[in-house]
Amino acid sequence: MAQTVLILGANGRFGRNAAQAFAKAGWEVRSFDRSKDRLREAVHGVQVIVNAWNPQYFDWATQVPKLHDEVIAAAKMVDATVIVPGNVYVYGKDTPSPWGVTTPHQATNPLGQIRREMERAYRFSEVRTIILRAGDFIDTEASGNWFDMIMTPKIGRGVLTYPGKLDVDHAWAYLPDLCRAAVMLAEKRDQLNRFEDVPFPGYTQTGNAWTQALEQVLGRTLKVKSMAWWAIQLASPVWKLAPHLLEMRYLWNTPHRLDGARFEELLPEFEPTELHRALATALPETAVPQKAMSTQTI
């Protein structure tokens, strides 16, 4: 009998990749349509809920608690397992790396506190929950993430724009890998703790390492430019997103990586995609030499 997953936010980055990964693994995939579906009806017959709803930063304070409370209540009705794409915001800028299962959640900034409260709600809800935690995303298509929106728009002209210090470690996750891991965890859900915090090891890269890896994929030298944070500061009075981007700037200058010990314990058979291969799928086709493009099948 096929297992069924309900994807909330199926048009977003994580939701789209999750829908593809679950379908490939043979699951029946239902995509929730907020314009017409009712959550407490949509969960019937569902074993897993992927909660990929992610409002704009400036709506987090008003929407995040309400949305996750709705998911918790619906999941309780059918004893479904909820998979939440977690992030690194909960730790805070003064918490030493590596960040893992036992790392205290000490964020004091507004976005970090909202995520702390959201995760705490799941932890004490008794709903079966998997927080699959990752750093910034690398996607297979342009989806408005740091990699495609800020770092690589000018890659075809030989320019890489980097948002932080070039010698600082930064955590990344290749979305097809992350969502493939989500499926594997879902299929082992009965063997897991009621609440699982699973940091995804992904790729830990400095700006300098990114430059070298991208140059190898592209077969050309890149010019590295620093992102113009001053422009975001100037836009703060009139652009609602700007203050929140500035709030999270510390992640580009705070060395961090995710401790994958729990992940490797749960999924020892997981095989990550090699970095250069992942990058070849994430870059615009016009920028990648044909030789590199031929390695894109995963």
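So, here's what we can say about the structure. (Residues numbered from 1 in each chain as written. Predicted model: local features only at pLDDT ≥ 70, side-chain atom pairs only at ≥ 80, totals over all residues. Heavy atoms only, no water.)

### Details of the overall build of the protein
Okay, so step 1: Looking only at helices and strands, the protein features twelve helices and eleven strands.
Okay, so step 2: The C-alpha radius of gyration of the protein comes to 19 Å, within 12% of the 19 Å expected for a compact globule of 298 residues.
Okay, so step 3: Principal-axis analysis of the C-alpha atoms places the extent of the protein at approximately 55 × 45 × 40 Å.
Okay, so step 4: The burial tally for the protein puts 53% of its 298 residues in the buried class.
Okay, so step 5: Counting only contacts in the protein whose residues sit at least 6 apart along the sequence, the fraction spanning at least 24 positions is 77%. (Helix = DSSP H or I, 4+ residues; strand = E, 2+ residues; numbered from the N terminus. Rg over C-alpha atoms; globule rule 2.2 N^0.38 Å. Buried < 20%, exposed > 50% of the residue type's maximum accessible area, 1.4 Å probe, protein only. Contact = heavy atoms within 4.5 Å.)

### Here's the deal with unusual backbone geometry
Okay, so step 1: In this chain, Ser97 is followed by Pro98 through a cis amide linkage whose omega measures 5°.
Okay, so step 2: Mapped onto the elements of the fold, Pro98 is located in the loop between strand E4 (81-86) and helix H4 (110-123).
Okay, so step 3: Here Asp79, not a glycine, exhibits a phi torsion of approximately 55°, which is positive.
Okay, so step 4: Among the structural elements, Asp79 can be located in the loop between helix H3 (60-78) and E4.
Okay, so step 5: The partly exposed category is assigned to Asp79, whose relative accessible area is 44%.

### Digging into the nonpolar core
Okay, so step 1: With 67 residues, the main nonpolar core has Leu39, Ile49, Phe147, Trp172 and Trp210 as its most contacted residues.
Okay, so step 2: Broken down by element, the residue count for this core peaks at seven residues, all from H3.
Okay, so step 3: With near-sequence residues (within four places) excluded, Trp210 lies in contact with Ile138, Phe147, Met151, Tyr162, Trp172, Gln205, Leu275 and Leu279.
Okay, so step 4: Formed by 34 residues, the second largest nonpolar core is a distinct cluster that contains Phe14, Val183, Ala186 and Val198. (Core = buried A, V, L, I, M, F, W, Y, C linked by side-chain atoms within 4.5 Å.)

### Details of a positive patch on the surface
Okay, so step 1: A surface patch of positive charge is lined by Lys154, Arg157, Lys223 and Lys225.
Okay, so step 2: Note that Lys154 resides in the loop between helix H5 (146-151) and strand E7 (159-162).
Okay, so step 3: Residue classification places Lys154 among the partly exposed residues on the basis of a relative accessible area of 39%. (Patch = residues over 30% accessible without salt bridge, like charges linked within 9 Å, V, L, I, M, F, W, Y side chains within 5 Å. Areas by Shrake-Rupley, 256 points an atom, 1.4 Å probe, with all protein chains shown as cover. Salt bridge = Lys/Arg side-chain N within 4 Å of Asp/Glu carboxyl O. Lys, Arg positive; Asp, Glu negative; His and termini not counted. Charge placed at Lys NZ, Arg CZ, Asp CG, Glu CD.)

### Details of the packing of helix H1 (residues 13-24) against helix H6 (residues 175-187)
Okay, so step 1: Their axes nearest at 8 Å, the elements H1 and H6 cross at an angle of 55°. Here H6 runs oblique to H1, going by the angle between their axes. Here the hand of the crossing between H1 and H6 comes out right-handed. Between H1 and H6, the residues in contact are Arg13, Phe14, Asn17, Ala18, Ala21 and Phe22 and Leu175, Pro176, Leu178, Cys179, Arg180, Ala182, Val183 and Ala186, respectively. (Axes fitted to C-alpha atoms, helices over the stretch in contact; angles between N-to-C directions. Parallel < 35°, antiparallel > 145°, perpendicular 65-115°, else oblique. Left-handed = near helix turned anticlockwise from the far one by under 90°.)

### Notes on the pairing of strand E2 (residues 28-31)
Okay, so step 1: With four bridges connecting them, strand E1 (residues 4-8) and E2 associate as parallel partners. In the sheet register, Ile7 faces E2, and the bridge partner there is Ser31.
Okay, so step 2: Taking the sense of rotation as the criterion, the β-α-β connection linking E1, H1 and E2 turns out right-handed. (Pairing = 2+ DSSP bridges. Right-handed = clockwise from strand over helix to strand, strands pointing away.)

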